[in-house]
Amino acid sequence: MKIVIIGGTGLIGSKTVERLRKQGHEVIAASPNTGVNTITGEGLADALAGTQVVVDLANSPSFEDKAVLEFFETSGRNLIAAEKAAGVKHHIALSVVGTERLQESGYFRGKLAQEKLIKSSGIPYTIVHSTQFMEFLGGIAQSGTTGDTVHLSPAYVQPIASDDVADAMADVALAAPVNGTIEIAGPERSRLNELVARYLKATGDSRKVESDPEARYFGARLDDRSLVSDANPRLGHITFEQWFASAGRK
């Protein structure tokens, strides 16, 4: 089967490509640096010729509200048009658990716009909602940093390792479309401020983490339901300790 991975050279994309190729599929790792650009449309028609499945893992290079919305809407429209022309049978997109609950954030407004385009496209689809990646803990810490203090919400998180995400995306690529949303999450639920404090301590970072219920998460206020899945998610198996021992120090 021919499968195109949009964003195929990124963190999740490269791992998903590797898994599907090992199973004998023809996999195209599509990204601007391989000549496929969903914003300009460059290379899309050629990449999608004869393709049965498209997995969209592309992410906006900017988190600025207007730029994020324009990225997901433009990329989504161009990709859907190219898929229709190529006769693609299954469109898969990676999104975020809680997207519909986090609409104070421009980033999540962009993701919701992307999901709406997919649902109205007429192409059979599966949307995968994932909890936050463990690999983003450093970025989350940075987003809440003022001076030597990190202000973070004590809301629950259930982070997932990128290897578990790639396993799930590869499985979904080989399954039938569900024409709906499935969710994936890590094996453990923790308080965001406490988990980031553990991460910083383990990396030798001296910043102090303060619990602040009013602290915003990329523009959105959190509660205990915001970032976790109660929709019977597929659970990853890699714990924070296992992830940090193998990858978190890098």
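Note that this is a predicted model, so its numbers are computed, not measured. (Residues numbered from 1 in each chain as written. Predicted model: local features only at pLDDT ≥ 70, side-chain atom pairs only at ≥ 80, totals over all residues. Heavy atoms only, no water.)

Observations regarding the packing of aromatic side chains
Within this structure, the stated rule accounts for twelve aromatic pairs. Between the aromatic rings of Phe63 and Tyr107, the centroid separation amounts to 4.7 Å while the plane-to-plane angle is 20°, which identifies the pairing as stacked. Of this pair, Phe63 sits in the loop between β3 (53–56) and α3 (65–86) while Tyr107 sits in helix α4 (residues 106–119); the two residues are 44 residues apart in sequence, bridging distant segments of the chain. The exposure class of Tyr107 is buried, given its relative accessible area of 10%. Three or more aromatic residues joined by ring pairs make a cluster, and in this case those are Phe63, Phe71, Phe72, Tyr107, Phe108, Tyr217 and Phe218. (Phe/Tyr/Trp six-rings, centres within 6.5 Å; stacked < 30°, edge-to-face > 60°. Helix = DSSP H or I, 4+ residues; strand = E, 2+ residues; numbered from the N terminus. Buried < 20%, exposed > 50% of the residue type's maximum accessible area, 1.4 Å probe, protein only.)

Quick word on the environment of Ala245
Note that Ala245 resides in helix α8 (residues 240–248). A relative accessible area of 61% places Ala245 in the exposed class. On a C-alpha basis, the gap between Ala245 and Ala202 in space is 10.0 Å, while along the polypeptide they are 43 residues apart.

Concerning the environment of Ile160
Take Ile160: it is sitting in the loop between β8 (156–157) and α6 (162–173). Considering only alpha carbons, one finds Ile160 and Trp243, 83 residues apart in sequence, at a separation of 9.2 Å. The contact partners of Ile160, leaving out residues within four places of it in the chain, are Ser130, Thr131, Gln132, Phe133, Met134, Glu135, Val165, Ile184, Ala185, Gly186 and Gly236. (Contact = heavy atoms within 4.5 Å.)

What about the layout of surface pockets?
The space that makes up the largest pocket amounts to roughly 780 Å³. Around the largest pocket, the lining is made up of 34 residues, and of these Leu57, Asn59, Tyr107, Phe133 and Phe136 lie nearest the centre. Only α1 (11–22), β4 (90–96), α4 and α5 (137–143) provide two or more residues apiece to the lining of the largest pocket. (1 Å grid on protein atoms, 1.4 Å probe; cavity = no way out; pocket = protein on both sides within 12 Å on 5 of 7 lines; lining within 4 Å. Points joined across faces, edges and corners; volume = space filled by probe spheres on them.)

So, the sheet that holds strand β11 (residues 208–211)
By definition, the strands of a sheet pair up through backbone hydrogen bonds, in either a parallel or an antiparallel sense. Taking strand neighbours across the sheet as the criterion, the three strands line up as β6-β7-β11 in an open arrangement whose pairing is mixed. Every other strand in the sheet has two partners, leaving β6 (145–146) and β11 as the edge strands with one partner each. Strand direction decides the pairing type here: β6 and strand β7 (residues 149–152), joined by two bridges, are antiparallel. Within β7, the residue paired with Thr145 across the bridge is Val150. (Pairing = 2+ DSSP bridges.)

Observations concerning the nonpolar core
Residues Ile6, Leu48, Leu192, Val196 and Trp243 are the most contacted members of the largest nonpolar core, which totals 42 residues. Elements with a contribution of two residues or more to this core: β1 (2–6), α2 (44–48), α3, α4, α5, β7, α7 (192–202) and α8. In contact with Ile6, other than residues within four places in its own chain, are Ala30, Thr38, Leu44, Val54, Val55, Asp56, Leu57, Ala58 and Leu79. Ranked by size, the runner-up nonpolar core spans 22 residues in total, among them Ile12, Leu20, Ile160 and Ala168. (Core = buried A, V, L, I, M, F, W, Y, C linked by side-chain atoms within 4.5 Å.)

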